[in-house]
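Overview (structure and organization)
One-letter residues, chain by chain:
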Amino acid sequence: MSTPMLVAEGVRKSFGDSEILRGIDLTVGHGEVLCLLGPSGSGKSTFLRCVNHLERLDGGLLSVDGELVGYRRDGDVLHELRPREVASRRAHIGMVFQRFHLFPHMTALENVIEAPCRVRKQSKQAAVARARELLERVGLADKADSYPSQLSGGQQQRVAIARSLAMEPKLMLFDEPTSALDPELVGEVLTVMRDLAASGMTMVVVTHEIGFAREVADQVVFMDGGVVVESGPPDEVLTRPRHERTKSFLGKVI
Ligand code: ADP
Ligand code: MG
């Protein structure tokens, strides 16, 4: 069997005296979609930030495509990654946030080509050609020259997804990508995410969109209080949750 795309083993993270992640174990195979559910404050964003090298673990191990997050293996010895190594590992992970964080002074196209040109040193011509393909893929071919302020929230989020994809990530992390959107704009973003999943992208999606999780997820993980309470196929976790905490949470969000 090939190495899973993401493995978390006993992942722990504290801020000051409060332990936010209290031993998270999960595995995501290549091409799989994991939907991460849980009440506010349960540690979902912190977990994604750990995967994306934005937080340092206090315990446990995380690996992305066989490489340890934060460390380089040298025989049996682990060395902490240097900033440059962290940057190069992070370049393989795309992250989409609740707020879109587009560069306001750049057009949609300029937002998408920025990292490939600056980080990857791609030629502008190649980056533009690829960006046009990606904007088309997210349904925004005609908005290439629009500035974020001229786009709806759903359109901005789709540009943000195209911008992440421009770095050819092997893993995409989504942190409540539709939570800041007006309800009528949620569907267009979920459609793009559904297509991305169908194309074989490995994805970890923090979301309260239970319909999306039911339809797209291979695996649903319900977290509460920094631990995984329950995980399994959507049919089990969402339809026949075994734990009271999962039942009560689903009762509130559905
Ligand atoms: P979720 O995404 O599930 O809502 P978070 O991972 O954002 O949860 O947060 C979990 C807890 O960790 C919250 O109580 C939050 O206040 C705390 N927390 C998150 N980031 C920090 C930080 N940088 N410093 C201190 N506390 C933090
Ligand atoms: Mg969060």
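Structure: see above.
We now turn to the structure provided with this report. For every chain, the first residue of its written sequence is number 1, and the numbers climb from 1 along that sequence. Chains and ligands are labelled by the order in which they are written, letters from A for the one and numbers from 1 for the other. Local features in this predicted model are restricted to residues of pLDDT 70 or higher, and side-chain atom pairs are both shown and tallied only at a pLDDT of 80 or more, whereas totals for entire chains, interfaces and linings draw on every residue. Calculation of side-chain values draws on the structure's entire complement of heavy atoms; hydrogens and water are dropped beforehand.

What follows covers empty space enclosed by the protein. The pocket and cavity definitions rest on a 1 Å grid over protein atoms only: a 1.4 Å probe that fits but cannot leave marks a cavity, an open set with protein on both sides within 12 Å along at least five of seven lines marks a pocket, and residues lining either have an atom within 4 Å of a point. Grid points are joined across faces, edges and corners, and a volume is the space filled by probe spheres set on the points. Going through the model one piece at a time under the given rule, you end up with two cavities of 30 Å³ or more. In this model, the largest cavity occupies a volume close to 60 Å³. Along the walls of the largest cavity sit His53, Val64, Glu67, Leu68, Val69, Arg89, His92, Ile93 and Lys170, which together make up its complete lining. For the lining of the largest cavity, a count of residues per class yields four nonpolar, two polar and three charged. Counted as a void, the second largest cavity has a volume near 40 Å³. When residues are sorted by character, Ala, Val, Leu, Ile, Met, Phe, Trp, Tyr, Cys and Pro go into the nonpolar class, Asp, Glu, Lys and Arg into the charged class, and all the rest, Gly among them, into the polar class.

Once that is clear, we can look at the packing of aromatic side chains. In this scheme Phe, Tyr and Trp rings, the latter by its six-membered ring, pair at centre separations within 6.5 Å, and the angle between planes marks the pair as stacked below 30 degrees, edge-to-face above 60, and tilted otherwise. Scanning the model with the defined rule gives one aromatic pair in all. Taking the centre distance of 5.2 Å and the plane angle of 40° together, the rings of Phe222 and Phe249 count as tilted. Pair noted here: Phe222 is in strand β11 (residues 219-224) and Phe249 is in helix α9 (residues 244-253), with a separation of 27 residues, a long-range link. The pair formed by Phe222 and Phe249 is uniform in burial state, with each residue classed as buried. Only Lys NZ and Arg CZ are tested; either one counts as a charge over a ring when it is within 6 Å of the ring centre and within 35 degrees of the ring normal. Above the ring of Phe103, the side-chain terminus of Arg163 is found at 5.3 Å from the ring centroid. In this description a helix means any DSSP run of H or I spanning at least four residues, a strand means any run of E spanning at least two, and both kinds are numbered starting from the N terminus. For every residue, the accessible area obtained with a 1.4 Å probe (protein chains only) is divided by the maximum for its type, and the residue is called buried under 20%, exposed over 50%, and partly exposed between those limits.

Two strands pair under a simple rule: DSSP has to find at least two bridges between them. Ordered in space as β8-β9-β10-β3-β11-β12, the six strands form an open sheet in which the pairing is mixed. Each edge of the open sheet carries a strand with a single partner, namely β8 (93-96) and β12 (227-232). Going across the sheet, the axis of each strand differs from the next one's by a mean of 15°, ignoring polarity. Bridging between β11 and β12 involves five bridges; their strand directions are antiparallel. Paired with Phe222 across the strands is Glu230, a residue of β12. Here, two residues are considered to be in contact whenever any of their heavy atoms come within 4.5 Å of each other. Helix axes are fitted only over the stretch in contact, all axes being lines through C-alpha atoms; the angle between N-to-C directions runs from 0 to 180 degrees. Running at roughly 170° to β8, helix α5 (residues 153-165) makes contact with β8 and β9 (171-175) of the sheet.

The next point concerns the site of ligand 1. Neighbouring residues are identified by heavy atoms, a residue being near a molecule or strand if any of them is within 4 Å of it. Around ligand 1 lies a shell formed by Phe15, Ile20, Pro39, Ser40, Gly41, Ser42, Gly43, Lys44, Ser45 and Thr46. Pairs of N or O atoms are called polar contacts if they sit within 3.5 Å, as long as, within protein, a hydrogen donor faces a hydrogen acceptor (for residues adjacent in sequence, only side-chain-to-side-chain pairs). Gly41 places a polar main-chain atom, nitrogen or oxygen, 2.7 Å from an oxygen atom of ligand 1. Interatomic distance of 2.5 Å between a side-chain N/O atom of Thr46 and an oxygen atom of ligand 1. At three residues, the largest contribution of residues to the shell around ligand 1 is made by helix α1 (residues 44-51). Here the residues of the shell around ligand 1 sort into three nonpolar, six polar and one charged.

Okay, the pattern of salt bridges next. The rule for a salt bridge is simple: a side-chain nitrogen of Lys or Arg has to be within 4 Å of a carboxyl oxygen of Asp or Glu. All chains considered together, the criterion is met by 15 salt bridges. Glu85 serves as the salt-bridge partner of Arg72, at 2.7 Å between the closest nitrogen and oxygen. Taken together, the residues span a long stretch of sequence, with Arg72 in strand β6 (residues 71-74) and Glu85 in helix α2 (residues 83-90) at a distance of 13 residues. By relative accessible area, Arg72 is classed as partly exposed at 24%. Where Asp224 meets Arg245, a salt bridge forms, and the shortest distance between an N and an O atom there is 3.4 Å. With Asp224 in strand β11 and Arg245 in helix α9, this pair connects stretches of sequence that are 21 residues apart. Residues participating in the shared-partner salt-bridge network are Lys13, Arg49 and Glu55.

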